[in-house]
Amino acid sequence: MKPAHIAIIMDGNGRWAKARGLPRAAGHRAGVEALRRTVRAAGDLGIEWLTVYAFSSENWSRPKSEVSDLMGLLKLFIRRDLAEIHQAGVRVRMIGERESLAADIRALVEEAEALTAQNTGMNLVIAFNYGARDEIARAAKELAKAAAAGTLDPAEITPESFGRFLDTRLIPDPDLIIRTSGELRLSNFLLWQGAYSELIFLPCYWPDFGSADLAGAIESFAGRERRYGGLAAREVAS
Ligand code: FPP
């Protein structure tokens, strides 16, 4: 089976740059090129949902200049690529905390969402100022407010109803999460939604990730058996 939703932790830009004696910013720029290639490749491979971890709530702790490089790259990505993305029928959405983003960034993101809202091709979800714990805490806050206002009965809260308060309320859970750069962790990415995701960790740095890596990950996903806590199909049958 092909994964309907692939989520990617695009890691290793800094090490890619360091290995070449380049500044970290050059690694992030090369990372944007890899992102462009991956969006095209995922569309060509018939992937319905692609989520990319572009800036985490914890990335604010990086040096100011690096944070501003990453903000600038998001703006550049939207300004340069939005027309092509829209033309390809891709629908763009952002998950993450919006309130504390600079007004120009938020406006650009919302422009991209509005422009592509009617598109029916691939869905590109940009996790920006995103952290799973922050997302879950924000959802809990909304639930608590609704309970205090008397519009929600706490006894009725289920995983399904809780999920409707998350940023991903209209987005299916990822089938496959890929992380590049050889690190073996989730780093606060889609912790709720990834409960049953298959995980693939690749040694390459993100700027070196290409369509062959994506196709390879899809192929290894096809060989996985997903049980969601139940039994394998052959065990049920016997
Ligand atoms: C990890 O590399 C990558 C990030 C922190 C951000 C990912 C950003 C991009 C791919 C480019 C920006 C794209 C947009 C749309 C904003 P790292 O810096 O942690 O690498 P390292 O672990 O080798 O230092």
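A brief report on the enclosed structure follows. None of these values were measured; they are calculated from a predicted model.

**Overview of helix α3 (residues 64–87)**
With 24 residues, α3 should cover 34 Å at 1.5 Å per step; its first-to-last C-alpha distance of 35 Å lies within 8% of that length. The sharpest bend along α3 reaches about 55° and sits at Asp81. Within α3, the full set of buried residues consists of Glu66, Val67, Leu70, Met71, Leu73, Leu74, Lys75, Phe77, Ile78, Asp81, Leu82 and Ile85. Elements that come into contact with the buried residues of α3 comprise α2 (24–44), β2 (49–56), β3 (91–95), α4 (103–116) and β4 (123–130). Within two residues after α3, Gly89 carries a phi angle of roughly 80°, on the positive side.

**Considering the site of the ligand**
Neighbouring the ligand are 18 residues, the closest being Met10, Gly14, Arg15, Arg24 and Arg62. Between the ligand and Gly12, the relevant distance is 3.4 Å, taken from an oxygen atom to a main-chain nitrogen or oxygen of the residue. With respect to the ligand, the side chain of Arg24 contributes an N or O atom lying 2.8 Å from an oxygen atom. The fraction of the free accessible surface of the ligand (620 Å²) that becomes covered by protein chains is 92%. Every element with two or more residues in the shell around the ligand is listed here: α1 (13–19), α2 and α3. Ranked by residue count, the leading element in the shell around the ligand is α2, at five residues. Its residues placed into classes, the shell around the ligand shows eight nonpolar, six polar and four charged.

**Quick look at the nonpolar core**
By size, the foremost hydrophobic cluster in this structure holds 45 residues, and its most contacted members are Ile6, Ile8, Leu50, Leu124, Phe128 and Ile178. Non-local contacts of Ile8, meaning those with residues more than four positions away in its chain, are made with Thr38, Leu50, Thr51, Val52, Tyr53, Ile178, Phe189, Trp206 and Phe209. Core analysis: the next-biggest nonpolar cluster, separate from the first, contains 13 residues, Trp49, Tyr130, Ile177 and Phe189 among them.

**Comments concerning the side chain of His5**
With respect to the secondary-structure elements, His5 resides in strand β1 (residues 5–9). Its relative accessible area of 2% is what places His5 among the buried residues. If we ignore the near neighbours within four places in the chain, the residues touching His5 are Trp49, Leu50, Thr51, Ile171, Pro172, Asp173, Pro174, Asp175 and Leu176.

**With respect to the packing of α3 against α4**
Remark: α3 packs on α4, axes separated minimally by 10 Å, with the N-to-C direction vectors making an angle of 15°. With respect to α4, the axis of α3 lies roughly parallel. The two elements α3 and α4 meet at a crossing, and its hand is left-handed. Of the residues in α4, those touching α3 at Met71, Leu74, Lys75, Ile78, Arg79, Leu82 and His86 are Asp104, Ile105, Leu108, Val109, Glu111, Ala112, Leu115 and Thr116.

**Points about the sheet that holds strand β6 (residues 198–201)**
Reading across the sheet, the six strands line up as β3-β4-β2-β1-β5-β6 and stay open at both edges, with parallel pairing between neighbours. In the strand order of this sheet, the two ends are held by β3 and β6, each with one partner. Strand-to-strand twist of the sheet, defined as the mean angle between neighbouring strand axes without regard to direction, takes the value 20°. Where β1 meets β2, five bridges bridge the pair, whose relative direction is parallel. Within β2, the position partnered with His5 by the bridge is Trp49.

**As for the packing of aromatic side chains**
Each aromatic ring pair is characterised by the separation of its centres together with the angle its planes make. Under the counting rule described, the total for this entry stands at eight aromatic pairs. Among the aromatic residues, ring-to-ring pairing joins Tyr53, Tyr130 and Phe189 into one connected group.

**Looking at unusual backbone geometry**
Backbone geometry places Leu190, a non-glycine residue, at a positive phi of 45°. One can find Leu190 in the loop between β5 (176–179) and β6. You will see that Tyr228, though not glycine, has its phi angle at about 50°, which is positive.

**Details of the packing of α2 against α3**
In a packed pair of helices, the relevant descriptors are the angle between the two axes and the axis-to-axis distance. For the pair α2 and α3, interaxial distance at closest approach is 10 Å and the crossing angle is 30°. The orientation of α2 relative to α3 falls into the category roughly parallel. In the packing of α2 onto α3, the handedness of the crossing is right-handed. In contact with Arg24, Ala25, His28, Arg29, Val32, Glu33, Leu35, Arg36 and Arg40 of α2, α3 contributes Glu66, Asp69, Leu70, Leu73, Phe77, Arg80, Asp81 and Glu84.

Calculation rules
- Residues numbered from 1 in each chain as written.
- Predicted model: local features only at pLDDT ≥ 70, side-chain atom pairs only at ≥ 80, totals over all residues.
- Heavy atoms only, no water.
- Helix = DSSP H or I, 4+ residues; strand = E, 2+ residues; numbered from the N terminus.
- Expected span 1.5 Å × (residues − 1).
- Bend = angle between axes of the 7 residues up to and from the residue.
- Buried < 20%, exposed > 50% of the residue type's maximum accessible area, 1.4 Å probe, protein only.
- Contact = heavy atoms within 4.5 Å.
- Near = heavy atom within 4 Å.
- Polar contact = N/O pair within 3.5 Å; in protein donor to acceptor, adjacent residues only side chain to side chain.
- Areas by Shrake-Rupley, 256 points an atom, 1.4 Å probe, with all protein chains shown as cover.
- Nonpolar A, V, L, I, M, F, W, Y, C, P; charged D, E, K, R; others polar.
- Core = buried A, V, L, I, M, F, W, Y, C linked by side-chain atoms within 4.5 Å.
- Axes fitted to C-alpha atoms, helices over the stretch in contact; angles between N-to-C directions.
- Parallel < 35°, antiparallel > 145°, perpendicular 65-115°, else oblique.
- Left-handed = near helix turned anticlockwise from the far one by under 90°.
- Pairing = 2+ DSSP bridges.
- Phe/Tyr/Trp six-rings, centres within 6.5 Å; stacked < 30°, edge-to-face > 60°.

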